Amino acid sequence: MSTVALVLVLTGVMLNAAAQLLIKAGAETAGRFSFTLGNLWQAGLHFALQWQILLGLACYAVSVVVWILALTRVQVSMAYPMLSLGYVVTAFAAWWLFGEALTAQKLLGIAIIIVGVILVARS
């Protein structure tokens, strides 16, 4: 994989992770809603107008463009498994930003993901 292709793939991964974290932050800011038919529009608008959620959606949009550019340079069978690195980034960032637990089982899973990505990248 060329340097440009690797940068594009990793940029796509990071943008996806950032999108997830921003949407989580926006959801926490917005708070919980009881979704009923009567307040569906109001609740949806309330969530949609959170700046973190809007920024997260923008990250998704940019990540799609970056991903398309990456796929013009890398086989999908090699690029797609690298998206799982987003879980690694997101798990540690969620631990740091939101205080989410990083249990031994999660850390083992993260290690397995990293080994799997390395194996796929070397094939």
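All values reported here derive from a predicted model rather than from experimental measurement.

Enquirer: Looking at this model, I keep getting lost on the packing of helix α1 (residues 3–30) against helix α5 (residues 85–98). Mind explaining?
Expert: The description of two packed helices rests on the angle between their axes and on the distance between the axes. Axis separation between α1 and α5 bottoms out at 9 Å; the angle between their running directions is 35°. The handedness of the crossing between α1 and α5 comes out as right-handed. Contacts between α1 and α5 involve Leu10, Val13, Met14, Ala17, Leu21, Lys24, Ala25 and Glu28 from the former and Leu85, Gly86, Val89, Thr90, Ala93, Ala94, Leu97 and Phe98 from the latter. Looking at the contact of α1 with α5 residue by residue, the classes come out as twelve nonpolar, two polar and two charged.

Enquirer: In this structure, what is going on with α5? I would like to understand it.
Expert: Along an α-helix, residues three or four apart share an orientation, since each turn contains 3.6 residues. Compared with an ideal rise of 1.5 Å per residue, which puts 14 residues at 20 Å, α5 spans 19 Å between its outermost C-alpha atoms and is within 8% of the ideal. Regarding α5, the residues found buried are Leu85, Gly86, Val88, Ala91, Ala93 and Ala94. Within two residues after α5, Gly99 carries a phi angle of roughly 70°, on the positive side.

Enquirer: Just to check I follow, could you spell out helix α3 (residues 51–71) for this structure?
Expert: In this model, α3 (21 residues) spans 30 Å end to end at C-alpha, consistent with the 30 Å of a helix rising 1.5 Å per residue. Lining the buried residues of α3 we find α1, α2 (40–48) and α4 (76–82).

Enquirer: What exactly am I supposed to notice about a nonpolar patch on the surface here?
Expert: Together, Phe92, Trp95, Trp96, Leu97 and Leu107 line one region of the surface with nonpolar side chains, adding up to about 580 Å² of accessible area. Within the element layout of this structure, Leu97 appears in helix α5.

Enquirer: For this particular structure, what's the right way to read the confidence of the model for the protein chain?
Expert: In low-pLDDT regions, the fine details of the predicted coordinates are not to be read closely. Taken over all residues, the pLDDT of the protein chain has a mean of 90, while the share at 70 or more is 100%. No element of the protein chain has a lower mean pLDDT than α2, at 78, and none a higher one than α3, at 96.

Enquirer: Can you help me understand the pattern of salt bridges in this one?
Expert: Pairs can form between side chains of opposite charge whenever their charged atoms are close. Tallying each qualifying case throughout the model produces one salt bridge. With its nearest N and O atoms 3.2 Å apart, the salt bridge here joins Lys24 to Glu28. In this pair, Lys24 and Glu28 both sit in helix α1, four residues apart, roughly one turn of the helix. Judged by relative accessible area, Lys24 falls into the partly exposed class, the value being 33%. Classification of Glu28 as partly exposed rests on a relative accessible area of 47%.

Conventions and cut-offs
- Residues numbered from 1 in each chain as written.
- Predicted model: local features only at pLDDT ≥ 70, side-chain atom pairs only at ≥ 80, totals over all residues.
- Heavy atoms only, no water.
- Axes fitted to C-alpha atoms, helices over the stretch in contact; angles between N-to-C directions.
- Helix = DSSP H or I, 4+ residues; strand = E, 2+ residues; numbered from the N terminus.
- Left-handed = near helix turned anticlockwise from the far one by under 90°.
- Contact = heavy atoms within 4.5 Å.
- Nonpolar A, V, L, I, M, F, W, Y, C, P; charged D, E, K, R; others polar.
- Expected span 1.5 Å × (residues − 1).
- Buried < 20%, exposed > 50% of the residue type's maximum accessible area, 1.4 Å probe, protein only.
- Patch = residues over 30% accessible without salt bridge, like charges linked within 9 Å, V, L, I, M, F, W, Y side chains within 5 Å.
- Areas by Shrake-Rupley, 256 points an atom, 1.4 Å probe, with all protein chains shown as cover.
- Salt bridge = Lys/Arg side-chain N within 4 Å of Asp/Glu carboxyl O.
- pLDDT = per-residue confidence, 0-100.

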